[in-house]
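Inside the fold
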Amino acid sequence: MQKQAESILLTPESNDDVQEILRTHERLHVRGGGTKTALCRPADGAAILATSGLSGILEYEPGEFTFTARAGTPLREIEAALAEHGQYLPFDPPLVERGATLGGTIAAGLSGSGRQRYGGVRDFLIGVRFVDGQGQLVRGGGKVVKNAAGFDLPKLMIGSVGRLGVIVEASFKVFPRPQQYGTVCCAHTTIRAALEQVARLNRSAFDIEALDIAVEDGRPVTYVRQGGLASTLGARQEALRNWLGSGDILGAGEDAAIWQQAGDFAWLPPGTTLVKIPVTLNSIALLDEFLAAANVERRYIAAGNLAWVSWPHDLAELDAQLTQRELGGLVVLGETAWPFLGARTGASVAARVKAVLDPHNRLPAL
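Per-chain numbering applies: the sequence of each chain, read as written, is numbered from 1 onward. Only residues with pLDDT of at least 70 get local features here, since the model is predicted, and only at 80 or more are side-chain atom pairs given and counted; chain-wide, interface and lining totals rely on the full set of residues. With hydrogens and water excluded, all non-hydrogen atoms of the structure serve as input to the side-chain values.

Concerning the sheet that holds strand β15 (residues 273–278)
Working definition: the strands of a sheet are paired by backbone hydrogen bonds and lie parallel or antiparallel to each other. Only strands joined by at least two bridges in the DSSP assignment are considered to pair. Helix and strand assignments follow DSSP, with helices taken as H or I runs no shorter than four residues and strands as E runs no shorter than two, numbered in order from the N terminus. If you walk across this open sheet you meet the nine strands as β14-β11-β13-β12-β16-β17-β15-β18-β19, and the pairing is antiparallel. With partners counted over all chains shown, the strands left at the sheet margins are β14 (248–249) and β19 (340–342), one partner each. In this sheet, β19 lies alongside strand β18 (residues 328–333) in antiparallel orientation, the contact comprising three bridges. In the sheet register, G329 faces β19, and the bridge partner there is L341. Any two residues whose heavy atoms approach within 4.5 Å at even a single point are treated as in contact. Lines fitted to C-alpha atoms define the axes, with helix axes restricted to the stretch in contact, and inter-axis angles between N-to-C directions lie between 0 and 180 degrees. Contacts between helix α9 (residues 284–293) and the sheet are confined to β12 (210–216), β16 (298–301) and β17 (306–311), with β16 contributing the most and set at about 165° to the helix. In this fold helix α10 (residues 315–324) packs onto β15, β17, β18 and β19, with an angle of close to 55° to the strand it touches most, β19.

Here we look at the domain arrangement of the protein
The split into domains, and so the bounds of each, comes from an automatic or database assignment of domains. The assigned domain composition of the protein is domain 1 (1–177) and domain 2 (180–342). Each of domain 1 and domain 2 has a C-alpha centre, and the two are 26 Å apart. At the junction of the two partners, domain 1 supplies 26 residues and domain 2 supplies 31 residues. The buried area of a pairing is the accessible area, by a 1.4 Å probe, that goes missing from both parts when the two are put together, added over both. Counting the surface domain 1 buries against domain 2, the share from its top three residues, S113, Q116 and R117, is 27%. We count a salt bridge whenever a side-chain nitrogen from Lys or Arg sits within 4 Å of a carboxyl oxygen from Asp or Glu. Where domain 1 touches domain 2, the interface holds two salt bridges. The salt bridge partner of E209 is R117, with a shortest N-O separation of 2.9 Å. The term polar contact refers here to a pair of N or O atoms within 3.5 Å; inside protein, the definition further demands a hydrogen-donor-capable atom paired with an acceptor-capable atom, and it admits residues adjacent in sequence only when both atoms are side-chain atoms. Between domain 1 and domain 2 we count eleven residue pairs in polar contact (both at pLDDT 80 or more) in total.

A word on the pairing of β18
Residue exposure (1.4 Å probe, protein chains only): buried if accessible area is under 20% of the type maximum, exposed if over 50%, otherwise partly exposed. With six of six residues buried, β18 lies mostly within the body of the structure. Where β15 meets β18, three bridges bridge the pair, whose relative direction is antiparallel. The residue bridging V275 from the neighbouring strand is V331, located in β18. Here β18 folds back onto β19 in antiparallel fashion, the turn holding six residues, of which G334 has a positive phi close to 125°.

Looking at the nonpolar core
Counting 46 residues, the largest nonpolar core has F67, L102, I106, F172 and W308 as its most contacted members. Listed by contribution, the elements that provide at least two residues to this core are β5 (66–70), α2 (75–83), α3 (102–108), β7 (125–132), α5 (153–157), β9 (165–173), β17 and β18. Of all hydrophobic cores here, the second largest spans 38 residues; its members include L195, L281, V296 and A307. In this text, buried Ala, Val, Leu, Ile, Met, Phe, Trp, Tyr and Cys residues form a nonpolar core when linked through side-chain atoms within 4.5 Å.

As for the pairing of β17
For β17, the buried fraction is high: six of the six residues fall into the buried class. Burial along β17 is two-sided: the residues L306, W308 and S310 and A307, V309 and W311 are all buried. Note that β16 and β17 share four bridges and pair antiparallel. The residue bridging R298 from the neighbouring strand is V309, located in β17. Counting the residues between successive antiparallel strands, the hairpin from β16 to β17 contains four residues, one of them, A302, with a positive phi of roughly 55°.

Examining a negative patch on the surface
Residues forming no salt bridge and having over 30% relative accessible area are the ones grouped into patches, like charges within 9 Å of each other and nonpolar side chains (Val, Leu, Ile, Met, Phe, Trp, Tyr) within 5 Å. For the area figures, the Shrake-Rupley method with a 1.4 Å probe applies, and any residue is considered shielded solely by the protein chains shown. Positive charges come from Lys and Arg alone, negative charges from Asp and Glu alone, with His and the N- and C-terminal ends not counted. Think of each charge as sitting on NZ of Lys, CZ of Arg, CG of Asp or CD of Glu. A cluster of like negative charges, contributed by E13, D16, D17 and E20, occupies part of the molecular surface. Mapped onto the secondary structure, D17 falls in helix α1 (residues 15–24). Note on D17: relative accessible area 33%, which makes it partly exposed.

Thoughts on α1
Those residues of α1 that fall on the buried side of the exposure criterion are N15, V18, Q19, I21 and L22. Along α1, the residues classed as buried sweep out an arc of 160° about the axis, all on the same side. Where α1 is buried, its residues meet β1 (9–10), β2 (28–31), β3 (47–50), β7, β8 (137–141) and β9. What the arc measures is the spread of directions leading from the helix axis to the C-beta atoms.

Written as structure tokens, this is what we have:
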């Protein structure tokens, strides 16, 4: 097999630098913290534009619950600044401890299990600046919620995986962090039993921070997380367990460890590929039959709205199965030349948008 040519690494430190790079290089591949390995591999001959030099929090107004930061800012730096004021990113971005950046999280469209209550990254992004394929600096939205008006360009950049432009700056709204968390876990004999419990919880009046089904070694387990005041959380956890009819209440240390492992994908077996698959609660049962037969680890998060799948086999097999079920997938971790799997219902629209923002195809194809 022919060895891929080594790519040139470009490390701009200003928006002007990014604009100049987009104007003078024929082919580019954008890289943030490098944590999403399947999205970091450039095509042969493409230079790598690394955003590590575009780092730092530009504005933070705790009283307004908003901040603006450069795209290459590590999320752990942002989380530390927010924590000083008792605030956090409710969409629970994954891979924080591995070095994920703000821009990379937006471009990959990744949210964690904590998106259950308040929504994903798209619900908190209020403004963005990016450089398009022609080297033009484009701004959409604003730095505070009341000014985030006009054409919703920020949403356009979510999940764009560096193919529509280079994100250089973003503004977010944030929320107060709950004082304490607690989790009730319930083991099930079948995936359908776990899905039925999730459906019941979706109809209930309980305030839930995260609701996941983890299938590990063929055993489905639901994890139901609550947050709130330390003085009342214990009673709320007992009420939840009694309503469920079974389950174990995890201690504070075990609760923190389980959700940290979920965010770092510590459950992922070595040498496997991680695939993100948007699903619905009703579509999981049939998909899980195939995944169970393939003997893979998987986790359904946000009350059955997203599947994380550890795939150790040929990706063509998973691609065919997703296409058959009219589901799409994005390879996040692992080695692949093309990260998109299955059905892509919005591909034609995305191609038209790309033709406007990147008419010379300097950035990777969509």
